[in-house]
Amino acid sequence: MNMIKTAALIAALTALFMGVGLLIGGRGGMLIALVIAAGMNLFAYWNADKMVLKMHRAKEVDERSAPELHRIVAGLAQRAGLPMPKVYVIDNPQPNAFATGRNPENAAVAATTGLLNQLTHEEVAGVMAHELAHVQNRDTLTMTITATIAGAISMLANFGMIFGGNRANPLGIVGMLAAVIVAPLAAMLVQTAVSRTREYSADRRGAEICGQPDWLASALEKIARAAGRIPNPTAERNPATAHMFIINPLSGNKMAGLFSTHPDINERIALLREMRIDGGTDAIAYGRTRGHESGRNRLPDTGYRSRPSKGGGRGSDTRQGPWG
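Residues numbered from 1 in each chain as written. Predicted model: local features only at pLDDT ≥ 70, side-chain atom pairs only at ≥ 80, totals over all residues. Heavy atoms only, no water.

1. Observations concerning the UniProt feature "binding site: Zn(2+)" (unreviewed entry) in the protein
Thought 1: In the numbering used here, UniProt assigns the "binding site: Zn(2+)" (unreviewed entry) feature to His 130, His 134 and Glu 199. For the residues just named, distributed over 70 residues, the greatest C-alpha separation is only 8.8 Å, placing them together at one site.
Thought 2: Counting through the fold element by element, His 130 comes out in helix α4 (residues 121–136).
Thought 3: For His 130, a relative accessible area of 0% corresponds to the buried category.
Thought 4: In this structure His 130 touches Glu 199, Ala 202, Asp 203, Gly 206, Leu 216, Ile 246 and Arg 268, once residues within four positions along its chain are discounted.
Thought 5: Tracing the backbone through its elements, the reader meets Glu 199 in helix α6 (residues 172–210).
Thought 6: Accessibility expressed as a relative area gives 2% for Glu 199, which makes it buried.
Thought 7: Each residue touching Glu 199, except ones within four places of it in the same chain, is listed here: His 130, His 134, His 243, Phe 245, Ile 246, His 262, Pro 263 and Arg 268.
Thought 8: Side chain to side chain, Glu 199 and His 134 meet in a polar contact 3.2 Å long. (UniProt positions renumbered as here; feature names shortened; annotations may be inferred. Helix = DSSP H or I, 4+ residues; strand = E, 2+ residues; numbered from the N terminus. Buried < 20%, exposed > 50% of the residue type's maximum accessible area, 1.4 Å probe, protein only. Contact = heavy atoms within 4.5 Å. Polar contact = N/O pair within 3.5 Å; in protein donor to acceptor, adjacent residues only side chain to side chain.)

2. So, the packing of aromatic side chains
Thought 1: Inspection of the entire model under this criterion finds 1 aromatic pair.
Thought 2: Considering the side-chain rings of Phe 98 and Phe 245, the 5.0 Å spacing of their centres and the 70° angle between planes classify their relative orientation as edge-to-face. Here the residue Phe 98 occupies a position in strand β3 (residues 97–101), and Phe 245 occupies one in the loop between α8 (233–237) and α9 (265–274), the gap between them amounting to 147 residues. Accessibility classification places Phe 98 together with Phe 245 in one group, the buried group. (Phe/Tyr/Trp six-rings, centres within 6.5 Å; stacked < 30°, edge-to-face > 60°.)

See below:
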């Protein structure tokens, strides 16, 4: 049902895009808008993931540079039956994460240094499971295309405002105002609706993947609190990517609440707290393999070592920190 709703919303965005073209340039403008939309979607399909990762200055890591994070993702991907995605770290103090890629075979997950420094091992696993759920549900492609069309609608509207609309347009100035003001607003609302329909599914599937809904619920609580007080300048400069994060990175912006790309955080947490997964606690214990577990019902040993207390060290553990 969610896929049907998402397809209907994307179709509405495309129709809206063509409608703006009609108001600005008549039938010719509508056809041009259709061609532009097709071209942008094709470009986004192949390159949007690279653009987003570069935009946020994400650095790819592996089992050597970030052993714990890499092993967590590898174990969760195995449990979900997914190919191993590329893993990235973003040097940003705001705890957050997102997934991108056109399909599970070309996917990537990214976590900020703030997420890795402020969350526990279990909470990071919950967040990464949520992102892998987006990959499995192919939400990353859907949201990329949606953002592309929504951005194109705003671009067309600005173009019409600068150069004027189609003088043969029977709606005249009313049509022009609709294109300049109402259309971008409607695009934002549709984009928001698409994103919200996917977050609930990703929360539920992510909880199933990691086996512990409380891990993700606890992570969402911490991320939501921190996002309100720790700014994310890169996301502020690129608001079109806000919907990709697990928590709205613009939540520190007073205007962000008007068109939030995410469902109410308290509702998300409440739904996770209500979930019950049989054998969740036994199946996964802090991301380590137990002797009686096998196959996809376990996570490989992550080699996790507890962080040192403020007055202590790591004892005999001389490796780099858990996140590399």
